[in-house]
Amino acid sequence: MARITATVFTSHVPAIGAAMDLGKTGEPYWQPLFAGYEFSRQWMKDNKPDVIFLVYNDHATAFSLELIPTFAIGTGAKFMPADEGWGPRPVPPVIGHPQLASHIAQSVIQQDFDLTIVNQMEVDHGLTVPLSLMCGEQDPQQGAWPCPVIPFAVNVVQYPVPSGQRCFNLGRALRKAIESYDEDLNVHIWGTGGMSHQLQGARAGLINAEWDNRFLDRLIAEPAELAKMPHIDYVREAGSEGIELVMWLIARGAMADAAADATGAPPPRVAHRFYHVPASNTAVGHLILEETR
Ligand code: DHB
Ligand code: FE
């Protein structure tokens, strides 16, 4: 049986990818940010998953106003890094896991979530920057990400966006899907995007460190309560792009103590917690939660 052993949460600022690609990670501006991921890179080596289910958002790269799936699962065998305006990032292609992805699509759709099935797409910084942060620099030709990755894109760019509650419930369905896969696989679920940031309008540059840290506290300790927060609270308190944080509730909802029938399930262990401001216009938050049974 496949099982979820850990969840990883991290922001996805494109400038972080550029800092890595251009060899600037040791500069005074970037050094404190990358220091916060040193633990995580070692942890990835010590706890190497067989598959990463990576919840992220596309930024009008694979999708556009012509086609706006709320939830899209990548069932393809390979996903190439997209050209976001400066050429594709020099990172390896993302190798998928079509068998597990198809099984998850079958199970989650039968649990009443309408997923869009995507056999072919490119992936933008929403997916590649979390991989780079957690896995470090990779040779684009010779290198490879540590394991197959199933991309799961959530629309948080064009209204209407899904609620935190729906994302949390989807995480619960995802857990059932993974636990019904008939092969011993160690699966990590990643929730990415956030934390507080606003890229446009009168409040561009907004950061709310107090709110962000409260969000991290609640994500760890009371995720089902946190899931009830309406989207307008994210936008008011964490900025228009802070809404990316609803994606973290998908990963959190997939953990043992979040299941609807979780009586007695122990809470996860906080293996790592990090918060840093600023990275470009964004507050960076990061958590690693491990299942304890
Ligand atoms: C920035 C943050 C994002 O989430 C994004 O998608 C693009 C840019 C930024 O802080 O610059
Ligand atoms: Fe973003």
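See the structure shown above.
Everything numeric in this text was worked out from a predicted model, so none of it was measured.

Conventions used here
Residues numbered from 1 in each chain as written. Chains lettered and ligands numbered in written order. Predicted model: local features only at pLDDT ≥ 70, side-chain atom pairs only at ≥ 80, totals over all residues. Heavy atoms only, no water. 1 Å grid on protein atoms, 1.4 Å probe; cavity = no way out; pocket = protein on both sides within 12 Å on 5 of 7 lines; lining within 4 Å. Points joined across faces, edges and corners; volume = space filled by probe spheres on them. Helix = DSSP H or I, 4+ residues; strand = E, 2+ residues; numbered from the N terminus. Nonpolar A, V, L, I, M, F, W, Y, C, P; charged D, E, K, R; others polar. Salt bridge = Lys/Arg side-chain N within 4 Å of Asp/Glu carboxyl O. Buried < 20%, exposed > 50% of the residue type's maximum accessible area, 1.4 Å probe, protein only. Core = buried A, V, L, I, M, F, W, Y, C linked by side-chain atoms within 4.5 Å. Contact = heavy atoms within 4.5 Å. Donors = N, O, S within 2.8 Å, 3.2 Å for Na, K, Ca; no water. Polar contact = N/O pair within 3.5 Å; in protein donor to acceptor, adjacent residues only side chain to side chain. Axes fitted to C-alpha atoms, helices over the stretch in contact; angles between N-to-C directions. Parallel < 35°, antiparallel > 145°, perpendicular 65-115°, else oblique. Near = heavy atom within 4 Å. Areas by Shrake-Rupley, 256 points an atom, 1.4 Å probe, with all protein chains shown as cover.

## Examining empty space enclosed by the protein
Over the atoms, a rolling probe the size of a water molecule traces out where space has been left empty. A complete count under the given rule lists one cavity of 30 Å³ or more for this structure. Lining the largest cavity, in full, are Phe53, Ile104, Val108, Leu115, Phe152, Leu170, Leu174 and Ile250. Mapped onto the lining of the largest cavity, the elements with two or more residues apiece are helix H4 (98-110) and helix H6 (164-179). Each residue belonging to the lining of the largest cavity can be placed in one class, and the counts come to eight nonpolar, no polar and no charged.

## Some details on the pattern of salt bridges
Throughout the structure, instances matching the rule amount to 10 salt bridges. As a salt-bridge pair, Glu237 and Arg236 come within 3.6 Å of each other at their nearest N and O atoms. Overall, the relative accessible area of 45% leaves Arg236 in the partly exposed class. With a shortest N-O distance of 2.8 Å, Asp257 and Arg252 are connected by a salt bridge. Take Arg252: its relative accessible area is 0%, and that puts it in the buried class.

## What to know about the nonpolar core
Core analysis: the biggest nonpolar cluster contains 58 residues, and Ile104, Phe152 and Phe215 have the highest contact counts within it. Examining the composition of this core, we find that seven residues originate from one element, H6, more than from any other. Those residues within four positions of Ile104 in sequence are excluded, and the remaining contacts are Phe53, Ile73, Ile109, Ile150, Leu174, Ala177 and Ile178.

## Topic: the layout of surface pockets
A volume near 700 Å³ is recorded for the largest pocket. Contributing to the lining of the largest pocket are 34 residues, with Val13, Pro14, His59, Glu84 and His125 lying nearest its centre. For the lining of the largest pocket, the element with the most residues is helix H1 (residues 14-21), which contributes five residues.

## Remarks on the coordination of the iron ion (ligand 2)
Any two of four tetrahedral donors ideally make an angle of 109.5 degrees at the metal, while pairs among six octahedral donors ideally make 90 or 180 degrees. Looking at the iron ion (ligand 2), the protein donor atoms are His12 (NE2), His59 (NE2) and Glu244 (OE), and they sit 2.1 to 2.2 Å from it. The motif formed by the donor residues of the iron ion (ligand 2), counted along the single chain, is H-x46-H-x184-E. Of this pair, His59 sits in the loop between strand E2 (51-56) and strand E3 (71-74) while Glu244 is found in the loop between helix H9 (231-238) and helix H10 (248-253), placing the two residues 185 residues apart along the sequence. Of the residues examined, His59 reaches a relative accessible area of 23% and is grouped as partly exposed.

## Examining unusual backbone geometry
For the peptide bond that leads from Gly194 to Met195, omega is -10 degrees, which places it in the cis range. On the secondary structure map, Met195 appears in the loop between strand E8 (186-192) and helix H7 (209-221). The step from Val277 to Pro278 runs through a cis peptide bond, and the omega angle for that step is -5 degrees. Assignment of secondary structure puts Pro278 in strand E9 (residues 269-279).

## Here we look at the side chain of His197
Counting through the fold element by element, His197 comes out in the loop between E8 and H7. Those residues within four positions of His197 in sequence are excluded, and the remaining contacts are Leu206, Ala238, Gly239, Ser240, Glu241, Gly242, Glu244, Asn281 and Thr282.

## Re helix H5 (residues 125-135)
Buried residues dominate H5, accounting for 11 of its 11 residues. Taken as a whole, H5 has its buried residues at His125, Gly126, Leu127, Thr128, Val129, Pro130, Leu131, Ser132, Leu133, Met134 and Cys135. Capping of H5 at its N-terminal end is provided by Asp124; its side-chain oxygen lies 2.9 Å from the backbone amide nitrogen of Gly126. One or two residues past the end of H5 sits Gly136, with phi positive at roughly 80 degrees.

## Quick look at the packing of helix H3 (residues 38-46) against H5
Two numbers describe how H3 lies on H5: the axes approach to 7 Å, and their chain directions differ by 85 degrees. One element, H3, and the other, H5, form an angle in the roughly perpendicular class. Of the residues in H5, those in contact with Ser40, Arg41, Trp43 and Met44 of H3 are Ser132, Leu133, Met134 and Cys135. The residue makeup of the contact of H3 with H5, split by class, is five nonpolar, two polar and one charged.

## Description of the site of ligand 1
Every residue near ligand 1 is listed here: His12, Val13, Pro14, His59, His125, His197, Leu199, Glu244, Ser280, Asn281 and Thr282. His197 has a polar side-chain atom sitting 2.8 Å from an oxygen atom of ligand 1. For ligand 1, an oxygen atom lies 3.5 Å from a polar atom in the side chain of Glu244. Surface burial for ligand 1 is 88%, taken as the share of its 300 Å² of free accessible area covered by protein chains. The residue inventory of the shell around ligand 1, partitioned by class, reads three nonpolar, seven polar and one charged.

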